[in-house]
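Here is how the chains run, residue by residue.
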Amino acid sequence: MEKKKLHIRKNDKVMVVAGREKGKIGTVLKVIPRKDRAVVEKLNMVKRHTKPGGKSAQGGIIEKESPIHVANLMLVCGKCAEPARVGHKVLEDSSKVRFCKKCGEVMDK
Ligand SMILES: [Zn+2]
């Protein structure tokens, strides 16, 4: 299988376009290319039960972000402030960047 690169990267601002968090915007904390998923800050929270003892003295319920499939995430353009169709182009210094197809704003700084 061809090695692919995800269109979402760490620190990207993304909108969820499907599922129970649809329409919400958050910042990508981590991408998991192997699973085609990304962890988005404060989105898709799930409750985890922890047992007393070990690191947590009391145990109980903690909330944690659950990874979201990247197919359900769209990059948000900082200038348009809405999900953007993203294009790729190569700059003069031969670095590859992503840009918003609507306003032309370069998304990799
Ligand atoms: Zn834009």
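What you are looking at is a predicted structure, and each value in this text was computed from that prediction instead of being measured. (Residues numbered from 1 in each chain as written. Predicted model: local features only at pLDDT ≥ 70, side-chain atom pairs only at ≥ 80, totals over all residues. Heavy atoms only, no water.)

Student: Would you explain unusual backbone geometry in this entry?
Tutor: The bulk of non-glycine residues show a negative phi, and the bulk of peptide bonds are trans. The backbone of D36 sits at a positive phi, close to 55°, despite the residue not being glycine. As for its placement among the helices and strands, D36 is situated in the loop between β2 (25–32) and β3 (37–40). Phi angles above zero are rare outside glycine, and N44 is one such case at about 55°. The topology assignment puts N44 in the loop between β3 and β4 (45–50). Of the residues examined, N44 reaches a relative accessible area of 15% and is grouped as buried. (Helix = DSSP H or I, 4+ residues; strand = E, 2+ residues; numbered from the N terminus. Buried < 20%, exposed > 50% of the residue type's maximum accessible area, 1.4 Å probe, protein only.)

Student: How should I be thinking about the environment of L43 in this particular structure?
Tutor: Residue placement: L43 occurs in the loop between β3 and β4. When the C-alpha positions of L43 and M107 are compared, they lie 22 Å apart, and in sequence the two are 64 residues distant. The contacts of L43, once residues within four sequence positions are left out, are V16, E21, K24, I25, G26, E65, S66 and I68. (Contact = heavy atoms within 4.5 Å.)

Student: Please explain the pattern of salt bridges as it appears in this structure.
Tutor: Charged atoms that come close allow side chains of opposite charge to pair. Scanning all chains against the criterion turns up seven salt bridges. Of the charged contacts in the structure, one is a salt bridge between K47 and E63, with a shortest N-O distance of 3.9 Å. Taken together, the positions of K47 in strand β4 and E63 in strand β5 (residues 60–65) put the pair 16 residues apart, joining distant regions of the chain. A salt bridge links E105 to K79, with the shortest nitrogen-to-oxygen separation between them at 3.8 Å. Of this pair, E105 sits in the segment after β10 (96–100) while K79 sits in the loop between β7 (73–77) and β8 (82–83), placing them 26 residues apart in sequence. Overall, the relative accessible area of 25% leaves E105 in the partly exposed class. Connected through shared salt-bridge partners, R9, D12, R98 and D108 make up one network. (Salt bridge = Lys/Arg side-chain N within 4 Å of Asp/Glu carboxyl O.)

Student: How do you make sense of the side chain of D108 when you look at a structure like this?
Tutor: For D108, the location among the structural elements is in the segment after β10. There is a polar contact of 3.2 Å between the side chain of D108 and the side chain of R9. Here the side chain of D108 touches R98 through a polar contact of 2.7 Å, landing on its backbone nitrogen. The residues contacting D108, other than those within four sequence positions of it, are R9, V97 and R98. (Polar contact = N/O pair within 3.5 Å; in protein donor to acceptor, adjacent residues only side chain to side chain.)

Student: I'm lost on the nonpolar core in this one. Help?
Tutor: One recurring pattern in soluble globular proteins is that nonpolar side chains are buried together. Counting residues in hydrophobic clusters, the biggest one holds 16 residues, and the most contacted among them are I8, V14, A38, V40, I68, L73 and M107. Of all the secondary structure elements, the ones that give two or more residues to this core are β1 (13–16), β3 and β7. With three residues, β7 is the single largest residue contributor to this core. Discounting residues that sit within four places of it in the chain, V40 has contacts with V14, G26, T27, V28, L29, E65, I68 and L73. (Core = buried A, V, L, I, M, F, W, Y, C linked by side-chain atoms within 4.5 Å.)

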